[in-house]
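# Summary of the model geometry
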Amino acid sequence: MTGTEFITTRESADVKIIDVKTDLSSYAASDLRKVLENLLMEKVNKVVVNFSEVSHINSTAVGTLVGIAKRLRQNGGDLKLCNLAATLTRTFNLIGASSVVEIYESEKSAIAAF
Amino acid sequence: MENACIELKLPSDVYYLESVRAFIGKLCETLKFSKKRIADIQLALDEICSNAVFHGSTSISSGIQLQISMDTRALEIVVRDKGGANTHDWLTPENLAEIQAKRSPARESGHGLYLIECLTDVYKLEANAVGGTDVTAIFYRDVNSDIG
């Protein structure tokens, strides 16, 4: 299951929330990058990615999120992640990316952290 | 189930890797790997196959080949590609060491080989006879091999 139709956006005040409804391997990572780069072009700078329906992520997708987080910070914003399954958190921890991108247990806490 | 071997051939396109991941997940379930270990094996295979597509292929038609062997002791997966434009330039101990040395959590790329090393019990990367790379990953079926 891949394609940008499985990556949807909504809003909570000035925060854009991205719901990912597909596993993030190299193929889906390019769809996620497209969605995030569109938000950058629209000058959105506060973004939360909700992983509640994701069971797999690879290093390409983690790298995409790290890169977008850095660009959002340059614009005065940030990228925060929430609702990660234990296996996903483990992948972020192994890479060390959890020290670069903030991870929250819930969407509410991720939004509140801005 | 004693000794068995399954071979898969697929186009050099990451589009097909979701199916490969699903297949290996089901196979690992039948081999009684833990859920956590299955996730590790799926991720390691995803990384190996992504490398084979991005770095070990010149076009979709290059193709990659998977040889999956299993016995009572271990699951062994060999991913064979035919080589990209610079395969033999990068596949040297010096270059591999440099890739690892440059790896940083803040970088967008360069994490694949490190993850494969973390997630496998044995991992081997060798130049093959057709100008590509053979990556061998072994996962022991001992429950104690779960990586923390």
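This text follows the structure it describes.
Chains are numbered independently. Their residues run from 1 in the order of the written sequence. Lettering for chains starts from A, numbering for ligands starts from 1, and both go in the order in which the items are written. Reporting of local features is limited, given that this is a predicted model, to residues whose pLDDT is at least 70; pairs of side-chain atoms are given and counted only at 80 or more, and all residues count toward the totals for whole chains, interfaces and linings. By convention in this description, side-chain values take in all heavy atoms of the structure and omit both hydrogens and water.

## Concerning the sheet that holds strand β5 (residues 102-104) of chain A
Residue and element names in this part refer to chain A.
- For two strands to be treated as a pair, DSSP must find at least two bridges joining them. Helix and strand definitions here come from DSSP, where helices need a minimum of 4 consecutive H or I residues and strands a minimum of 2 consecutive E residues; each element is numbered from the N-terminal end. Ordered in space as β1-β2-β3-β4-β5, the five strands form an open sheet in which the pairing is mixed. Two strands in the sheet have a free side with no partner beyond their single neighbour: β1 (7-12) and β5. Strand-to-strand twist in this sheet, taken as the mean axis angle between neighbours without regard to direction, amounts to 25°.
- The pairing of strand β2 (residues 15-20) with strand β3 (residues 46-50) spans four bridges and is parallel. Looking across to β3, one finds that Ile17 is bridged to Val48.
- By definition in these notes, contact holds between two residues if any of their heavy atoms fall within 4.5 Å. Axis angles are defined between N-to-C directions and span 0 to 180 degrees, where every axis is a line fitted to C-alpha atoms and, for a helix, only to the segment in contact. Strands in contact with helix α2 (residues 59-74) are β3, β4 (78-82) and β5; relative to β4, the strand with the most contacts, it is inclined by about 140°.

## Some remarks on the nonpolar core
- Core analysis: the largest hydrophobic core is formed by 67 residues, its most contacted members being Ile18, Phe51 and Leu65 of chain A together with Leu75 of chain B.
- With nine residues, helix α2 (residues 35-55) of chain B is the largest single contributor of residues to this core.
- Aside from chain neighbours lying at most four places away, what touches Leu75 of chain B is Leu27, Cys28, Leu31, Phe33, Ile41, Ile68, Ser69, Met70, Ala137, Ile138, Phe139 and Arg141 of chain B.
- Side-chain atoms within 4.5 Å are what join buried Ala, Val, Leu, Ile, Met, Phe, Trp, Tyr and Cys residues into a set we call a nonpolar core. Partly exposed residues are those whose accessible area sits between 20% and 50% of the maximum for their type, while under 20% is buried and over 50% is exposed, using a 1.4 Å probe and protein chains only. Formed by five residues, the second largest nonpolar core is a distinct cluster that contains Val15, Val48, Cys82 and Ala110 of chain A.

## Remarks on the environment of Val20 of chain A
- Residue placement: Val20 of chain A occurs in strand β2.
- Along the sequence, Val20 of chain A and Ser99 of chain A sit 79 residues apart, while their C-alpha atoms lie 22 Å from each other.

## Digging into α2 of chain B
- One less than the residue count of a helix, multiplied by 1.5 Å, gives the span that helix is expected to have. With 21 residues, α2 of chain B extends 30 Å between its outermost C-alpha atoms, agreeing within 8% with the 30 Å of an ideal straight helix rising 1.5 Å per residue.
- Of all 21 residues that make up α2 of chain B, 16 are buried, and the element is covered over most of its length.

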